[in-house]
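# Architecture at a glance
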Amino acid sequence: MDSGWGFLIGLLGAVWLLSSGHGEQQSPETAAQRCFCQVNLKRPCPFWNDISQCGRRDCAVKPCQSDEVPDGIKSASYKYSEEANNLIEECEQAERLGAVDESLSEETQKAVLQWTKHDDSSDNFCEADDIQSPDAEYVDLLLNPERYTGYKGPDAWKIWNVIYEENCFKPQTIKRPLNPLASGQGKSEENTFYSWLEGLCVEKRAFYRLISGLHASINVHLSARYLLQETWLEKKWGHNITEFQQRFDGILTEGEGPRRLKNLYFLYLIELRALSKVLPFFERPDFQLFTGNKIQDEENKMLLLEILHEIKSFPLHFDENSFFAGDKKEAHKLKEDFRLHFRNISRIMDCVGCFKCRLWGKLQTQGLGTALKILFSEKLIANMPESGPSYEFHLTRQEIVSLFNAFGRISTSVKELENFRNLLQSIH
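Residues numbered from 1 in each chain as written. Predicted model: local features only at pLDDT ≥ 70, side-chain atom pairs only at ≥ 80, totals over all residues. Heavy atoms only, no water.

### Structural notes on the packing of helix α14 (residues 328–348) against helix α15 (residues 355–375)
Put simply, α14 and α15 touch, their axes get as near as 10 Å, and they point 160 degrees apart. Considering the angle they form, α14 stands roughly antiparallel to α15. Our pair here, α14 against α15, has a crossing hand that is left-handed. Contacts from Phe-338, Phe-342, Ile-345 and Ser-346 of α14 reach α15 at Thr-365, Leu-368, Gly-369 and Leu-372. Considered class by class, the residues forming the contact of α14 with α15 number five nonpolar, three polar and no charged. (Axes fitted to C-alpha atoms, helices over the stretch in contact; angles between N-to-C directions. Helix = DSSP H or I, 4+ residues; strand = E, 2+ residues; numbered from the N terminus. Parallel < 35°, antiparallel > 145°, perpendicular 65-115°, else oblique. Left-handed = near helix turned anticlockwise from the far one by under 90°. Contact = heavy atoms within 4.5 Å. Nonpolar A, V, L, I, M, F, W, Y, C, P; charged D, E, K, R; others polar.)

Now the structure itself:
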């Protein structure tokens, strides 16, 4: 393996510590050091009503108790330091036109709030959970690891089928290779599909590859954390080589598996690129990973910046400058289509019948959406003030948590590919 790749994979331990959700070794002593992920798993599916809920125990998610959530997180869910909070409040108070605000009717104030929310979401690639909802809960990701839960079959296939068939710019006449919900699959369908794909513009091809890469990454996780044995006393989780081969072996998948793995690496490069570009946002003095523990917050920020600087030094990032580079009007429309398609996929995650799968699906989808938001906000990031609030470009705590957890998951997939390669070599 190239030394650059090996080095980045070696960053996993640090990323895991920051994102509070990956790996099982040397976990923090208290839940208060891990309950950072806030998610609403009770949002109704916006597309269909016939959701079959997974009744297996492994599908359940255990939320944090209120006393386990750090005070700094509960009191400031989207701010990062007491100093920043005070500064923002002072600026907002100085700019507020009190006489005008007091004259607004309640109905008008609600309308203004909706406009503000619309403006805030205009550059977002995901439909984020309402963290103010009474259904939103904090989750300790270490206690709810992503692994095989038994959620499979038509209900699970339906989710991915809707994503691919209705949200990847694909016409119904083009059949996807190895689609479990379609009959009559064969080489002709594969040739037709990839001929169609190669005929798309670079942005739409990239969109499909990102979704395929995310799908592949999730399948790697499930194959690496598979339920191998279950007794009354314990459960044994580990690498299921047969499951991995069924999903990725070149012969068993008729050449489709290696394509999926290439798309996984493509996704990895996209997320690396986003992390390198967002470095200035985290370098700002006012930014703090605010949990209420000042010493730990400062150490975490130093560790975060160290990781981001190392990522920035990696020479093989994806170059997105060719995206949306044609006619301005057409490019703007294409970018908006790109964004809306991805937002739709983030909404589909609320239709997943397994709550643990829904948790990790939402988290990784939003992480990728945050990476895309960063990639296409280069000018806004470059124009951020050195201090004080950044109104043009901002990441919520929810976006930050999902961004690093998603990168941690993709990095874990890359590492697991090496593990599977060694296991396969040992049995041949």
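Next comes the rest of the account.
### Overview of the UniProt feature "active site" (unreviewed entry) in the protein
Taking the numbering used here, the UniProt-annotated feature "active site" (unreviewed entry) corresponds to Cys-354 and Cys-357. When its relative accessible area of 0% is taken as the criterion, Cys-354 is described as buried. In this structure, Cys-354 is in contact with Cys-54, Cys-59, Thr-149 and Tyr-151, ignoring residues within four places of it in sequence. Take Cys-357: its relative accessible area is 23%, and that puts it in the partly exposed class. (UniProt positions renumbered as here; feature names shortened; annotations may be inferred. Buried < 20%, exposed > 50% of the residue type's maximum accessible area, 1.4 Å probe, protein only.)

### Looking at the environment of Arg-43
Tracing the sequence through the fold places Arg-43 in the loop between β1 (37–39) and α3 (71–75). The spacing of Arg-43 and Asp-129 is 86 residues in sequence and 8.4 Å in space, taken between C-alpha atoms. Side-chain polar atoms of Arg-43 contact the side chain of Asp-350, separated by 3.5 Å. (Polar contact = N/O pair within 3.5 Å; in protein donor to acceptor, adjacent residues only side chain to side chain.)

### Quick notes on the pairing of strand β4 (residues 235–238)
Of the pairings in the sheet, the one linking strand β3 (residues 226–230) to β4 comprises four bridges and is antiparallel in character. Paired with Leu-227 across the two strands is Trp-237, which belongs to β4. Connecting the antiparallel pair β3 and β4 is a turn made up of four residues. (Pairing = 2+ DSSP bridges.)

### A short note on the side chain of Asn-263
Within the secondary structure layout, Asn-263 lies in helix α11 (residues 256–277). One polar contact links Asn-263 to Ser-212, side chain to side chain, over a distance of 2.9 Å. With sequence-adjacent residues up to four places away left out, Asn-263 is seen in contact with Tyr-208, Arg-209, Ser-212 and Gly-213.

### Re the packing of helix α7 (residues 154–167) against α14
Helices that pack against each other are described as a pair by the angle of their axes relative to one another and the distance between those axes. Here α7 crosses α14 at 165 degrees, and the two axes come no closer than 10 Å. By the criterion of interaxial angle, the relationship of α7 to α14 is roughly antiparallel. Viewed along their axes, α7 and α14 form a crossing whose handedness is right-handed. Here α7 contributes Ile-159, Val-162, Ile-163, Glu-166 and Asn-167 to the contact with α14, which in turn contributes His-341, Asn-344, Ile-345 and Ile-348. Here the residues of the contact of α7 with α14 sort into five nonpolar, three polar and one charged.

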